[in-house]
Amino acid sequence: MSFSISYRRVPLEYPYDDGHTAAARGEIVLGDFREGFLSNLGEWRQADYREQWRRSIHRLLAGEQKAVLITTFSSPTIATHLEWWALYREEDNVAVQNQLLFYDNIQGEFDVKCAVDFLNERRRVTEDGRPISEWSVSMNDLRVFASHLDKGMDY
């Protein structure tokens, strides 16, 4: 499959200072590229992340131009940022970028239910002119993956 995002079937980890907040290892696949991530389970369970991914993918499939796949979330009251993969639709393809959203850089109060509202427009270069890493996946690959999510299947 050219696109997937899922949790690995490995034991939870406890990498944070408190020793009580678990984290789950996951992986996103974008064509030949694979990237691991670690999701904080302090406020969200794995099921919450999966549901957010499912809703975001369906958002693009319904014709919206951008969406986000949150891979680690803690509210602004206890964290400085979240991590997500930004999805920018371009006709039959989607450009994907890994990003951090720093809460102190946003206008207004952050609401995770409408996280995509805090996604900036797509940029291809940094402020100093360097290219931003991004990958491309097809809308069809997202459609195939969404059908697996809808059936409760995990990759």
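Here, the structure is the one placed above.
Counting from 1, residues in each chain are numbered in the order their sequence is written. Totals for whole chains, interfaces and linings use every residue, but because this is a predicted model, local features are given only for residues with pLDDT of at least 70 and side-chain atom pairs only at 80 or more, for both listing and counting. Water and hydrogen atoms play no part in the side-chain values, which are based on all heavy atoms of the structure.

Asks: Explain the pairing of strand S1 (residues 3-7) to me, please; I cannot follow it from the model alone.
Replies: Regular strands place side chains that alternate from one sheet face to the opposite one. Burial of S1 is extensive: 5 of the 5 residues sit out of reach of the surface. Burial along S1 is two-sided: Phe3, Ile5 and Tyr7 facing one way and Ser4 and Ser6 facing the other are all buried. Paired strands, in this sense, are two strands between which DSSP finds at least two bridges. Secondary structure is summarised from DSSP: a helix means a run of H or I of at least four residues, a strand means a run of E of at least two, and numbering begins at the N terminus for each. Direction of pairing for S1 relative to strand S2 (residues 23-30): antiparallel, over a ladder of 5 bridges. Looking across to S2, one finds that Ser6 is bridged to Glu27. Summary of the burial criterion: residues with accessible area below 20% of their type's maximum are buried, those above 50% are exposed, and those between are partly exposed, where the area comes from a 1.4 Å probe applied to protein chains only.

Asks: Whenever I open this one, the packing of aromatic side chains confuses me. Can you help?
Replies: Pairing of aromatic side chains here covers Phe, Tyr and the six-membered ring of Trp, requires ring centres within 6.5 Å, and sorts the geometry by plane angle: under 30 degrees stacked, over 60 edge-to-face, intermediate tilted. Evaluation of the coordinates by the stated rule reveals 12 aromatic pairs. Geometrically, the ring pair formed by Phe33 and Trp135 is stacked, given 4.2 Å between the ring centres and 25° between the ring planes. Taken together, the positions of Phe33 in strand S3 (residues 33-40) and Trp135 in strand S7 (residues 135-138) put the pair 102 residues apart, joining distant regions of the chain. With relative accessibility at 24%, the residue Trp135 sits in the partly exposed group. Judged by centre distance (5.0 Å) and plane angle (40°), the ring pair of Trp44 and Phe73 falls under tilted. Here Trp44, found in the loop between S3 and helix H1 (46-61), pairs with Phe73, found in the loop between strand S4 (66-72) and strand S5 (81-90); they are 29 residues apart in sequence, far enough to count as distant. When its relative accessible area of 13% is taken as the criterion, Trp44 is described as buried. Assessed through its relative accessible area of 5%, Phe73 is described here as buried.

Everything listed is a geometric property; what it means functionally is a separate question.
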